[in-house]
Amino acid sequence: MSIGYAQSNISAQIQQLEQELNTKLLDRIGKKVFLTESGEQLLPYAIEMRALASTIRDKLDNDHLSHSRIVVGASESLCVFKLPAIVESFRRSHPNNELHLELIENAQVVEQLTSNAIDVAFTIGNSIEHPAITSFLKKREEVLVLSAPTHPLQSKKALAITDFANQPFLLTSTSCNYRETFECDLKSHGIPYQVTLESGSVQVIKKMTISGLGLCVLPRLAVQDELNADLLATLPYKNDYKVYSQLFCHASKWLSPNLADFIDPIIKSI
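Residues numbered from 1 in each chain as written. Predicted model: local features only at pLDDT ≥ 70, side-chain atom pairs only at ≥ 80, totals over all residues. Heavy atoms only, no water.

1. Topic: the packing of aromatic side chains
Any pair of aromatic rings gets described here by the distance separating the centres and the angle formed by the planes.
Thought 1: Applying the stated criterion across every chain yields a total of six aromatic pairs.
Thought 2: Arranged with centres 5.6 Å apart and planes meeting at 85°, the rings of F90 and F262 form a pair that is edge-to-face. Of this pair, F90 sits in helix 4 (residues 83-93) while F262 sits in helix 9 (residues 257-269); the two residues are 172 residues apart in sequence, bridging distant segments of the chain. Each member of the pair F90 and F262 is classed as buried.
Thought 3: Through a chain of ring-to-ring contacts, the aromatic side chains of F164, F169, F182, Y193 and Y237 assemble into a single cluster.
Thought 4: Sitting over the ring of Y244, K138 keeps its end group 4.7 Å from the ring centre. (Phe/Tyr/Trp six-rings, centres within 6.5 Å; stacked < 30°, edge-to-face > 60°. Helix = DSSP H or I, 4+ residues; strand = E, 2+ residues; numbered from the N terminus. Buried < 20%, exposed > 50% of the residue type's maximum accessible area, 1.4 Å probe, protein only. Lys NZ or Arg CZ within 6 Å of the ring centre and 35° of its normal.)

2. So, the nonpolar core
Thought 1: Formed by 51 residues in total, the largest nonpolar core has its most connected members in F164, F182 and F262.
Thought 2: Of the residues that make up this core, three or more belong to each of domain 2 (68-141 + 244-269) and domain 3 (143-234).
Thought 3: Apart from residues no more than four positions distant in its own chain, F182 is found in contact with V145, I161, F164, F169, V217, Y237 and Y241.
Thought 4: If you look at the next biggest cluster of nonpolar residues, it comprises nine residues, including L113, A121, I128 and I133. (Core = buried A, V, L, I, M, F, W, Y, C linked by side-chain atoms within 4.5 Å. Domains from an automatic or database assignment. Contact = heavy atoms within 4.5 Å.)

3. Some points on unusual backbone geometry
Thought 1: You will see that N116, though not glycine, has its phi angle at about 65°, which is positive.
Thought 2: Summarising the element assignment, N116 is placed in the loop between helix 5 (109-114) and strand 5 (120-125).
Thought 3: Even without being glycine, D230 reaches a positive phi, approximately 60°.
Thought 4: As for its placement among the helices and strands, D230 is situated in the loop between helix 8 (220-228) and strand 11 (233-234).

4. Re the domain arrangement of the protein chain
Thought 1: As assigned here, the protein chain comprises domain 1 (7-63), domain 2 (68-141 + 244-269) and domain 3 (143-234).
Thought 2: Measuring from the centre of the C-alpha atoms in domain 1 to the corresponding centre in domain 3 gives 71 Å.

5. Here's the deal with the side chain of Q246
Thought 1: Position of Q246 among the secondary structure elements: in strand 12 (residues 243-250).
Thought 2: Of the residues examined, Q246 reaches a relative accessible area of 1% and is grouped as buried.
Thought 3: Reaching out from Q246, the side chain makes a polar contact with the backbone oxygen of N126 at a distance of 2.9 Å.
Thought 4: When residues no more than four places from it in sequence are discounted, the contact partners of Q246 are N106, A121, F122, T123, G125, N126, S127, I128, L137 and K138. (Polar contact = N/O pair within 3.5 Å; in protein donor to acceptor, adjacent residues only side chain to side chain.)

6. Concerning the layout of surface pockets
Thought 1: Counted as a void, the second largest pocket has a volume near 250 Å³.
Thought 2: What lines the second largest pocket is a set of 16 residues, and nearest its centre among them are S75, E76, E105, S173 and C176.
Thought 3: When contributions to the lining of the second largest pocket are tallied by element, the ones reaching two or more residues are helix 3 (76-81) and helix 6 (177-188).
Thought 4: No fewer than three residues from each of domain 2 (68-141 + 244-269) and domain 3 (143-234) sit in the lining of the second largest pocket. (1 Å grid on protein atoms, 1.4 Å probe; cavity = no way out; pocket = protein on both sides within 12 Å on 5 of 7 lines; lining within 4 Å. Points joined across faces, edges and corners; volume = space filled by probe spheres on them.)

7. Overview of the sheet that holds strand 8 (residues 168-171)
Hydrogen bonds between backbone groups are what pair the strands of a sheet, and the pairing can be parallel or antiparallel.
Thought 1: Pairing in this open sheet of five strands is mixed, and the strands run 9-8-10-7-11 from one edge to the other. A single partner strand is all that each edge strand has here, and the edge strands are strand 9 (194-198) and strand 11.
Thought 2: Here strand 7 (residues 143-147) pairs with strand 11 via two bridges, running antiparallel. Bridge assignment links S147 to a residue of strand 11, and that residue is A233.
Thought 3: Helix 6 contacts strand 7, strand 8, strand 9 and strand 10 (215-219) of the sheet and is inclined by roughly 125° relative to strand 10.
Thought 4: The strands touched by helix 7 (residues 202-210) within the sheet are strand 7, strand 8, strand 9 and strand 10, with strand 10 carrying the most contacts at an inclination of about 140°. (Pairing = 2+ DSSP bridges. Axes fitted to C-alpha atoms, helices over the stretch in contact; angles between N-to-C directions.)

8. Some details on the sheet that holds strand 6 (residues 133-141)
Thought 1: Taken together, five strands build an open sheet; the order of strands is 4-3-5-12-6 and the sheet is mixed. With partners counted over all chains shown, the strands left at the sheet margins are strand 4 (98-103) and strand 6, one partner each. Neighbouring strand axes in the sheet, compared pairwise and without regard to direction, differ in orientation by 15° on average.
Thought 2: Summarising the sheet, strand 5 and strand 12 pair through five bridges and their orientation is antiparallel. Each residue of the ladder has a partner; that of A121, found in strand 12, is F248.
Thought 3: Helix 4 contacts strand 3 (69-74), strand 4 and strand 5 of the sheet and is inclined by roughly 160° relative to strand 4.

9. Side note on the packing of helix 7 against helix 8
Thought 1: Direction vectors running N to C along helix 7 and helix 8 enclose 40°, while the axes themselves pass 11 Å from each other. The angle between the axes of helix 7 and helix 8 places the two elements in the oblique class. Crossing geometry of helix 7 relative to helix 8 is assigned as right-handed. Taking contact as the criterion, the partners of V202, K206 and I210 in helix 7 are, on helix 8, A222, V223 and E226. (Parallel < 35°, antiparallel > 145°, perpendicular 65-115°, else oblique. Left-handed = near helix turned anticlockwise from the far one by under 90°.)

Pasting the structure below:
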């Protein structure tokens, strides 16, 4: 029966143990190996230690599979529009695990991971590259300028940045990367504009835009349902904004089986 260890490794470990105990454990006579008197004395303890090691391993394996706490830091848009189905599936398959969601901004990713405040970060925003973190996913997201379907700008076949002059905008918080990118676009062209509503809630912004109170700037993933229902309409403004959905862990983070079970479906769903 093979025990999965090379003979040379076993011999080296026995020699090391003999040195540490300052005694001979085995007699090698011809091609046979016999326990010395010291080896006979050690044998029952070795059997007991082996059983204890197996018990510890089983205990830890069962604990990792049945009881753990995973803290997820995520952007609001992803919490609302990407994570619900994944969280529901994870809770069904891991009923004894605790899953905690924290809303974070893209700029907080590195600090939150390096301080171990969160186990995994799932955010949308500018590209993040840092030696302390490991990236599992990076998908470019389309950023849209949207209005109610009846807005006058919908009659145009194509819009330039100048068409947004003096338009009222309903925007996300100033820390939001896609808002920052759009505003930089306006400012770099000297375009005057109005911010009539600023909210950290994507849902509030969508509702107000549907009501015709102004234009909004959101990633497609956050408005697909409203577009399908013709509640919102995409304005024909082409842009090259580099905004990404990204998934990270700290580079030194041990991926427990439970954490891997949470991460894998996110990667497969994007």
